[in-house]
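Breakdown of the fold
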Amino acid sequence: MFSSSSFLFHDLSSFTNYFGTCRRLLQNIMDNSIQEGLLERKEDVNLKKRIWMESKKIWSIAFPGIVARVTSFGVIVVTQLFMGHIGVLPLAAYALEQTIFLRFVNGILIGMSSATETLCGQAYGAGQYHMMGIYLQRSWVVDGISATILLPLFIFATPILKLIGQQEAIAEEAGPISLWFIPFIYSFVFSLTIQMYLQSQMRNNIVGWLSAISFLFHLLLSWIMVIKLNLGVGGAIGAMSISSWLMIIGEFVYIFGGWCPDTWKGFTTAAFGDILPVIKLSISSGVMICLELWYTSVLVLLAGYMKNATTQISAFSICLNVSLWEFMICLGLLGAASVRVSNELGRGDAKATKFSIKVILAISICIGVFFFIMCLIFGRQIASLFTDSEEIAELVSDLSVLLAFSILFNSIQPVLSGVAVGAGLQTMVAYVNLGCYYVVGVPIGVILGYLFHLQVKGLWIGLLSGVVMQSVILSYLIWRTDWNEQVNKASERLNRWFLGPKEGDGNSDGAQEK
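Residues numbered from 1 in each chain as written. Predicted model: local features only at pLDDT ≥ 70, side-chain atom pairs only at ≥ 80, totals over all residues. Heavy atoms only, no water.

The name given to the protein chain in an unreviewed UniProt entry is Protein DETOXIFICATION, and the organism recorded there is Erythroxylum novogranatense. Regarding the protein chain, the UniProt comment filed under Sequence similarities (unreviewed entry) reads as follows: "Belongs to the multi antimicrobial extrusion (MATE) (TC 2.A.66.1) family." You can read under Subcellular location (unreviewed entry) in the UniProt record for the protein chain the words "Membrane". (UniProt positions renumbered as here; feature names shortened; annotations may be inferred.)

As structure tokens, this is what we get:
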């Protein structure tokens, strides 16, 4: 009996120990699962918070930039709108002048000004605030000389257009129009560089406000000068120049009035030092942007050799301007990408740089999808805003599907270019643009437009093919970029061009290397 009870007790004791072990094991598993779940939720919360914080930073830069670019380009589009109601020939001449010469010069100055964006952004990230005013003044010198060198394009527009085989009537009409563009050209020297200087230090709200006011003023002034006073072509383009300079005067008041105390220390002769390295970076930037903007100019030029060139140019130009107007939104994101990348590289944070790139790409793609759908829905209604010609409206409607796809891919490509600008990789992008646009896009457009008789639709397919290829290649190259290496390069660049606060003041005789 005792033996049996002892055995039972021993058996119950073993069972109890076994049960206790299982219970502890199960409790550990449950505790670990709870901890892992809490950790995952915490990581999710942290990721959402990081995305939210990064999005706020991006939009604080991008939104004023978008407003500024959309309204600035809107001044050009509104001028075209009024030109279209003056007559078909003035519309075609303006379209040719604006798309070829104005975009040619604008491309150079935007590209060269993007060097200001790179240098100011990295200087701000590194805390070298006083250098930003010096970089701004250097960009005025470089861009002002560049604009002056390019003036003969506008002075001799008619013979140049005839020389390249454009229709005589359109070339003659474009001559007087081109002279009205000269004051507008010089406004680019200041407006582009100041915008990049201000947005690099998160002060571009003033640019958005001034640009929006300028746009509204332009609408009113154009209506008065063209519709009420019947001043024709001169009234339309004159209103454009006046509105643009109004915005620049406001920016001067903001900068010189003391609202940028850390970054503007007054005019200095140090702005004339180290000009050659800035010119080198500016040329790389200029080539990168120019090859992009000239791409559409070349295709408009080719449209001028087609049958019924007046209609072809007008329709193609309307679609391009609609595409480019949406493109201005993405250029605002380009500016935000450049600032965020350059700021983080200046701070030496490669991980934050990569995270910023991912967030801004996602935002840009969402915007592109939205406008892609809008363009498909309202493709027919677009032309009625620009012209009373039923023939032009029909051709614009026929191009609306291709226009929608161009808008979609244009939402990706500028952000990738902005990343390159922020990192100072403009030369790499210039080679990509050259190959995709001029080795692939233009030849495809010519073959489809002329040999397969698709006219401007063929040209647009060529345009789209170049943009698609460029987006794919840039995506791959940026994915493969070693951002730790870019951090080191940014540090070397900043140290090489650094001036102490006393060296960079108004009494400095020139730039000295650190």
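**Here's the deal with a positive patch on the surface**
On the surface, Arg50, Lys351, Lys354 and Lys358 cluster together to form a positively charged patch. Of all the elements, helix H12 (residues 350-377) adds the most residues to the positive patch, at 3 residues. Mapping Lys351 onto the fold places it in helix H12. Residue classification places Lys351 among the exposed positions, given a relative accessible area of 63%. (Patch = residues over 30% accessible without salt bridge, like charges linked within 9 Å, V, L, I, M, F, W, Y side chains within 5 Å. Areas by Shrake-Rupley, 256 points an atom, 1.4 Å probe, with all protein chains shown as cover. Salt bridge = Lys/Arg side-chain N within 4 Å of Asp/Glu carboxyl O. Lys, Arg positive; Asp, Glu negative; His and termini not counted. Charge placed at Lys NZ, Arg CZ, Asp CG, Glu CD. Helix = DSSP H or I, 4+ residues; strand = E, 2+ residues; numbered from the N terminus. Buried < 20%, exposed > 50% of the residue type's maximum accessible area, 1.4 Å probe, protein only.)

**Re the environment of Lys457**
Within the secondary structure, Lys457 sits in helix H18 (residues 455-479). The partly exposed category is assigned to Lys457, whose relative accessible area is 27%. Each C-alpha atom, one on Lys457 and one on Leu402, is 8.1 Å from the other, the two residues being 55 residues apart in sequence. Other than its neighbours up to four places away in sequence, Lys457 contacts Asp398, Leu399 and Leu402. (Contact = heavy atoms within 4.5 Å.)

**Topic: the side chain of Asn410**
Among the secondary structure elements, Asn410 is positioned in helix H15 (residues 400-410). Overall, the relative accessible area of 10% leaves Asn410 in the buried class. When neighbours within four sequence positions are excluded, Asn410 is seen to be in contact with Ser323, Glu326, Phe327, Cys330 and Val467.

**Re helix H7 (residues 182-199)**
With 18 residues, H7 extends 27 Å from end C-alpha to end C-alpha; this agrees with the ideal 26 Å at 1.5 Å per step. The sharpest bend along H7 reaches about 30° and sits at Phe188. Along H7, 15 of the 18 residues are buried, which leaves the element largely enclosed by surrounding structure. (Expected span 1.5 Å × (residues − 1). Bend = angle between axes of the 7 residues up to and from the residue.)

**With respect to the pattern of salt bridges**
Any two side chains of opposite charge can pair, so long as their charged atoms come close to each other. All told, the structure shown has 3 salt bridges when counted by the stated rule. The salt bridge partner of Arg340 is Glu54, with a shortest N-O separation of 2.9 Å. Of this pair, Arg340 sits in helix H11 (residues 309-347) while Glu54 sits in helix H1 (residues 2-86), placing them 286 residues apart in sequence. According to the relative accessible area criterion, Glu54 is buried, its value standing at 5%. Ionic pairing is found between Glu344 and Arg340, a salt bridge with its closest N-O pair at 2.6 Å. Pair noted here: Glu344 and Arg340 are both in helix H11, with a separation of 4 residues, about one helical turn. Neither Glu344 nor Arg340 differs from the other in exposure class; each is buried. Connected via shared salt-bridge partners are Glu54, Arg340 and Glu344.

**Here's the deal with the nonpolar core**
Side chains that are nonpolar tend, in soluble globular proteins, to be buried together. Ranked by size, the top nonpolar core spans 116 residues in total, and within it Phe181, Leu333 and Trp483 carry the most contacts. Examining the composition of this core, we find that 19 residues originate from one element, H11, more than from any other. Those residues in contact with Leu333, other than ones at most four positions away along the chain, are Ile58, Ala62, Ile66, Ile360, Ile363, Ser364, Ile367 and Val415. Counting 22 residues, the second largest nonpolar core, distinct from the first, contains Met132, Ile134, Ile194 and Ala270. (Core = buried A, V, L, I, M, F, W, Y, C linked by side-chain atoms within 4.5 Å.)

**Observations regarding the packing of helix H6 (residues 168-180) against helix H9 (residues 232-259)**
Where H6 meets H9, the axes come as close as 9 Å, and the angle between the chain directions of the two elements is 25°. Between H6 and H9, the interaxial angle falls into the category roughly parallel. For the crossing formed where H6 meets H9, the hand is right-handed. Residues Glu173, Ile177 and Trp180 of H6 touch H9, and the partners they reach there are Val233, Gly234, Ile237, Gly238 and Ser241. Considered class by class, the residues forming the contact of H6 with H9 number 4 nonpolar, 3 polar and 1 charged. (Axes fitted to C-alpha atoms, helices over the stretch in contact; angles between N-to-C directions. Parallel < 35°, antiparallel > 145°, perpendicular 65-115°, else oblique. Left-handed = near helix turned anticlockwise from the far one by under 90°. Nonpolar A, V, L, I, M, F, W, Y, C, P; charged D, E, K, R; others polar.)

**Topic: the environment of Val440**
Summarising the element assignment, Val440 is placed in helix H17 (residues 426-451). A sequence separation of 26 residues divides Val440 from Gly466, and the C-alpha atoms of the two residues are 6.0 Å apart.

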